[in-house]
Amino acid sequence: MAGPGRIRKIRVTRIRISKDLARLSETAAELFADIANAAISSTGSFTVSLAGGSTPRSLYAILASDHYRGSIDWPSVTFFIGDERYVPDDSPESNYRMVAKTLFRPLEIPDRNVYRWNTTSGDAETGAKLYEKDLRPFVPLDLILLGLGADAHTASLFPNTAALHEQQTPATANWVEKLAEHRLTITFPVINSAATVMVLASGIEKAKAVANVLEGEFRPDEFPAQLIDPTIGDLYWLLDESAANLLERR
Ligand code: 6PG
């Protein structure tokens, strides 16, 4: 990985720019299905960590549609949630709640196929330790879906937070000063060991972050998504025109 200060040639396997979020989500769904079916046919199973936030909602809705319901062997899929807010599962803030509503319930995914963060253990650190126990045996995962914040965070790996430098544990409770709360998140060793990483970013409000991460000076504490750098896996950045608006190389 390049040292700080030098322009870093990010080893992006592919940048795909779609007209809008709807087309981006269709591209992501096709890619998701290809990766899932390849994993299932070669190993009999598929492990995926899902992104939270709002960008992937339309992707999840497409995957829950009749077309994809029949084109992936969903019982062979094991799901993780890449990051979580320390809130009850029924909170509007909960990433699990969003994914359960848009993907798990429509596809009737059984609970035994979903590893969710424990957010009722009393404290975030305990929640992270419990999740680590669940996640560790499955690492490296087949696919990790990530979003991108306007501040270039990904998962709950926010600028200038301790978890950016975590190199051992696969899951941690990350104190985020600007939110004045702990966030539960997978860490870069898990992200960068995956067979495929897919980052989705949509909207003009992400354009600066996309340009900084993909073409800016290597300053990972400021632009954490610059640390997305799979060791041997494939990396896809799926953008819409707005999010790609400030990229020089397109
Ligand atoms: C979360 C997400 C987070 C998200 C980005 C982008 O818990 O919010 O995991 O990393 O992917 O903040 O969020 P939007 O898709 O809502 O813009």
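Heads up: the structure comes first, above all this text.
Quick notes on the rules
- Residues numbered from 1 in each chain as written.
- Predicted model: local features only at pLDDT ≥ 70, side-chain atom pairs only at ≥ 80, totals over all residues.
- Heavy atoms only, no water.
- Pairing = 2+ DSSP bridges.
- Helix = DSSP H or I, 4+ residues; strand = E, 2+ residues; numbered from the N terminus.
- Salt bridge = Lys/Arg side-chain N within 4 Å of Asp/Glu carboxyl O.
- Buried < 20%, exposed > 50% of the residue type's maximum accessible area, 1.4 Å probe, protein only.
- Core = buried A, V, L, I, M, F, W, Y, C linked by side-chain atoms within 4.5 Å.
- Contact = heavy atoms within 4.5 Å.
- Axes fitted to C-alpha atoms, helices over the stretch in contact; angles between N-to-C directions.

## Here we look at the sheet that holds strand β6 (residues 143–146)
Now for step 1: The 7 strands are arranged β1-β10-β9-β6-β2-β3-β5 in an open sheet whose pairing can be described as parallel. Two strands close off the open sheet at either side, each with one partner strand: β1 (14–18) and β5 (114–115).
Now for step 2: Relative to strand β9 (residues 196–201), β6 runs parallel, the two being bridged by 4 bridges. The partner of Leu 145 across the bridge, within β9, is Met 198.

## Comments concerning the pattern of salt bridges
Now for step 1: Within the structure shown, the criterion is met by 11 salt bridges.
Now for step 2: Residue Lys 19 is joined to Asp 20 by a salt bridge in which the shortest nitrogen-to-oxygen separation is 3.3 Å.
Now for step 3: Exposure remark for Lys 19: the relative accessible area of 59% places this residue in the exposed category.
Now for step 4: What makes Asp 20 partly exposed here is its relative accessible area of 23%.

## Topic: the nonpolar core
Now for step 1: Judged by nonpolar contacts, the single largest core of 80 residues is most densely connected at Phe 32, Phe 104 and Met 198.
Now for step 2: Among the elements that line this core, the one with the most residues is helix α1 (residues 21–43), at 10 residues.
Now for step 3: Those residues in contact with Met 198 that sit more than four places away from it in its chain are Ala 28, Leu 31, Phe 32, Ile 35, Leu 143, Ile 144, Leu 145, Leu 146, Tyr 236 and Leu 238.

## Topic: the sheet that holds strand β8 (residues 181–186)
Now for step 1: With antiparallel pairing, 3 strands are arranged side by side in an open sheet as β4-β8-β7. With one partner strand each, in any of the chains shown, β4 (83–85) and β7 (171–176) form the two edges of the open sheet. When the angles between neighbouring strand axes are averaged without regard to direction, this sheet yields 25°.
Now for step 2: When β7 meets β8, the two strands line up antiparallel, connected through 6 bridges. Counterpart to Thr 172 in the pairing with β8 is Thr 185.
Now for step 3: The sheet contacts of helix α5 (residues 124–135) involve β7 and β8, and relative to β7 the element is tilted by about 150°.

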